[in-house]
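Chain by chain, the residues run as shown.
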Amino acid sequence: LGRHKDDRRQSGFTYNGVTFDQSNLNIFAGLCAVDVPEHVEQMMQALEENGQVCTRMGAYKPRTNPYSFQGHGKGCLPWVFEKAGKHGIKVIAMEITHESHIEEIDHCLEQLGRPTGVMLQVGTRNTQNFELLKAIGRQSTYPVLLKRGFGITLNESLNAAEYLASEGNANVIFCLRGMKTEAGQPHRNMVDFAHVPAVKRLTRMPVCVDPSHSVGSRERAPDGVLDVMHATAQGVIAGANMVLVDFHPKPEKALVDGPQALLMEELPAYLEDIQLCHDTW
Ligand code: PEP
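Read on for a plain summary of the structure.

Analysis parameters
Residues numbered from 1 in each chain as written. Predicted model: local features only at pLDDT ≥ 70, side-chain atom pairs only at ≥ 80, totals over all residues. Helix = DSSP H or I, 4+ residues; strand = E, 2+ residues; numbered from the N terminus. Rg over C-alpha atoms; globule rule 2.2 N^0.38 Å. Contact = placed C-beta atoms within 7 Å. Near = placed C-beta within 6 Å. Nonpolar A, V, L, I, M, F, W, Y, C, P; charged D, E, K, R; others polar. Expected span 1.5 Å × (residues − 1). Buried ≥ 20, exposed ≤ 12 C-beta atoms within 10 Å, placed from the backbone. Arc of directions from axis to C-beta. Pairing = 2+ DSSP bridges. Right-handed = clockwise from strand over helix to strand, strands pointing away.

**As for the overall build of the protein chain**
- A tally of regular secondary structure across the protein chain gives nine helices and eleven strands.
- A globule of 281 residues ought to have a C-alpha radius of gyration of about 19 Å, and the protein chain, at 17 Å, matches this closely.
- Counting only C-alpha atoms, the protein chain reaches 50 × 45 × 40 Å along its principal axes.
- Put simply, 72% of the contacts in the protein chain that link residues at least 6 apart link residues at least 24 apart.

Given below as structure tokens:
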């Protein structure tokens, strides 16, 4: 990924018809956690209406509290993938927390005739789960979205990405999602999107930003603009190549992270603003 002295390869790759590189911009708006088919359907339909071919859908959720909803797991994969295919979604970013989930996803997609594609997401809690990284690196079917570890150095997170490449999968996107701070205020995490150009300078990975998990709320600036939107703009202006962002048709009913989800009616303006930032810079 650019951190080995002999590595001179170009950045970027194409997966399922979508190109990811250090100049493109791909938006992955979607549900933090899959809950009911109706919400998944509404999300997919809105994405299609707005010309989107990528989304995020959480089936396996790594929760801080063991009594919190842990995700529907493999049980929801068939209907999530079917709905995605029906609405022309080509890539779903989906977090996995165990290597057995790769097989579950692969088996389901195969059985359905591969109506959509999946990008395997490694969450911030697993950034240094080296055995998981090695297992994901050994497969070359699915690209990988690796989150920055929220309590380790940038260098340590970049080396974690190298675990994927050293095992054989260099189709990796690196995602900034905020850093933990003592205070946890005013945002859930310290927004770290000024590091986008640094990651692009240090590696050849496309860089993603996750404004939802960085900001963690629907707070607004005095100008009325949502902090999530301001953070997104910062990331895109800094050169981000992908945005992972939570939307939900009924945030008050969401089973995970509802308070940070944007509303469906906010999707068109959000997409337009991001495009403006990308085109201007
Ligand atoms: C997520 O994107 O659903 C998630 C849990 O993010 P993170 O790993 O950054 O906390």
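Once you've had a look at it, read on.
**Section: the site of the ligand**
- C32, G58, E95, G123, T124, K147, R177, D210 and H213 make up every residue found near the ligand.
- Across the shell around the ligand, the residue classes break down as one nonpolar, four polar and four charged.

**Considering helix α3 (residues 100–112)**
- Taking 1.5 Å per residue as the helical rise, α3 with its 13 residues ought to reach 18 Å, and the 19 Å between its terminal C-alpha atoms agrees with that figure.
- When α3 is considered as a whole, its buried residues turn out to be H101, I105 and L109. Viewed end-on, α3 has its buried residues packed into an arc of 65°, placing them on one side of the element. Turned more than 90 degrees away from the buried face of α3 sit S100, E103, H107, E110 and Q111, all of them exposed.
- Looking at the buried positions of α3, the neighbouring elements they touch are α2 (77–86), β5 (91–95) and β6 (117–122).
- With its phi angle positive at about 80°, G113 sits one or two positions after the end of α3.

**Focus on the pairing of β5**
- Counting buried positions along β5 gives five out of five residues, so the element sits mostly inside the fold.
- Because side chains alternate across β5, one face comprises the buried residues V91, A93 and E95, and the other comprises I92 and M94, equally buried.
- Pairing between strand β4 (residues 54–56) and β5: three bridges, direction parallel. Across the sheet, residue R56 finds its bridge partner in β5, namely A93.
- Each parallel crossover has a hand, and for β4 linked through α2 to β5 it is right-handed.
- Pairing of β5 with β6, which is carried by five bridges, proceeds in the parallel orientation. Bridge pairing in β6 links V91 to G117.
- Handedness of the β5-α3-β6 crossover: right-handed.

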